[in-house]
Amino acid sequence: MLRNQLITANVKRPHASSGNGSNGRAADQHTQTVDATIDDLYINSRSGLWGVFIFLTASAIALLFNEQSLAGSLPVSIMDRLGSTPSTILVNCVFGASTISSLICIAGRIYHDREPGKTSTHLCFRVFFYLLYFISGDLASYFNVVFISGLVVLGLQHYNVWNYYMRAIDITTDKCNRMNMLNSWLSKK
């Protein structure tokens, strides 16, 4: 994605003297602030993509432990102290409610043009279900379900984050362009 180099260039630019030294310094400080703001918005726009990448990494790790369970990995004496594992039906109910809630929350934020929620929250919930199914001993049976639902939720979250911050970048760029036009018009007078 190409950025407007007039606005976000990180090199020193020659500044025209405005005749009023304080206004020139104020305009330079404002330009630096806008540059930093746009760069921060670009960084924030990638947070959803990082969430998808981390989820794919966690999925690869979960795939390695696909055929194992917590009960099979720990000695019987430790499992007796821990108690029984959660039932798969209970994990399925929590998983379904969590997935539907995440999708509704993200879709609502997209529809109402609201700031996206934290990608890490959705990521932690998706990875947590790998752990729950591992503990219950049914990771092999439900790996594909968790993987696909995680991709859907985190993909929608990434779209939400990317779309929101790209609109914010466009708005900031337009404001900066209008301010530059105004400054050039005022400097000609």
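Residues numbered from 1 in each chain as written. Predicted model: local features only at pLDDT ≥ 70, side-chain atom pairs only at ≥ 80, totals over all residues. Heavy atoms only, no water.

### What about the overall build of the protein?
Here is step 1: Within the protein, the secondary structure is distributed over 8 helices and 0 strands.
Here is step 2: Counted from the first residue to the last, the protein has its helices and strands arranged as α-α-α-α-α-α-α-α.
Here is step 3: Scored against the burial criterion, the 189 residues of the protein give a buried share of 31%.
Here is step 4: Expressed as a percentage of contacts within the protein between residues at least 6 apart in sequence, the contacts between residues at least 24 apart total 85%.
Here is step 5: Carbon together with sulfur atoms contributes 63% to the accessible area of the protein, which is approximately 12,200 Å² in total. (Helix = DSSP H or I, 4+ residues; strand = E, 2+ residues; numbered from the N terminus. Buried < 20%, exposed > 50% of the residue type's maximum accessible area, 1.4 Å probe, protein only. Contact = heavy atoms within 4.5 Å. Areas by Shrake-Rupley, 256 points an atom, 1.4 Å probe, with all protein chains shown as cover.)

### Observations concerning the environment of Thr172
Here is step 1: Here Thr172 shows up in helix 8 (residues 139-188).
Here is step 2: A relative accessible area of 18% places Thr172 in the buried class.
Here is step 3: Remark: the alpha-carbon pair of Thr172 and Ile38, spanning 134 residues in sequence, is separated by 7.2 Å.
Here is step 4: Polar side-chain contacts of Thr172 include one of 2.8 Å to the backbone oxygen of Ala168. (Polar contact = N/O pair within 3.5 Å; in protein donor to acceptor, adjacent residues only side chain to side chain.)

### Details of the pattern of salt bridges
Here is step 1: Enumeration according to the criterion identifies 1 salt bridge in this entry.
Here is step 2: Between Arg167 and Asp113 there is a salt bridge, with the nearest N and O atoms lying 3.5 Å from each other. Of the two residues, Arg167 sits in helix 8 while Asp113 sits in the loop between helix 6 (88-111) and helix 7 (119-136), which places them 54 residues apart along the sequence. (Salt bridge = Lys/Arg side-chain N within 4 Å of Asp/Glu carboxyl O.)

### Here's the deal with the packing of aromatic side chains
Here is step 1: The full count for this structure, using the stated rule, is 11 aromatic pairs.
Here is step 2: Pairing Phe55 with Tyr130 gives two aromatic rings, centres 5.8 Å apart and planes at 20°, and the pair type is stacked. Placement of Phe55 in helix 3 (residues 47-64) and of Tyr130 in helix 7 is noted, with a sequence separation of 75 residues between them. The exposure classification of Phe55 matches that of Tyr130, with both residues buried.
Here is step 3: An angle of 15° between the planes, with centres 4.8 Å apart, marks the rings of Tyr133 and Tyr142 as stacked. (Phe/Tyr/Trp six-rings, centres within 6.5 Å; stacked < 30°, edge-to-face > 60°.)

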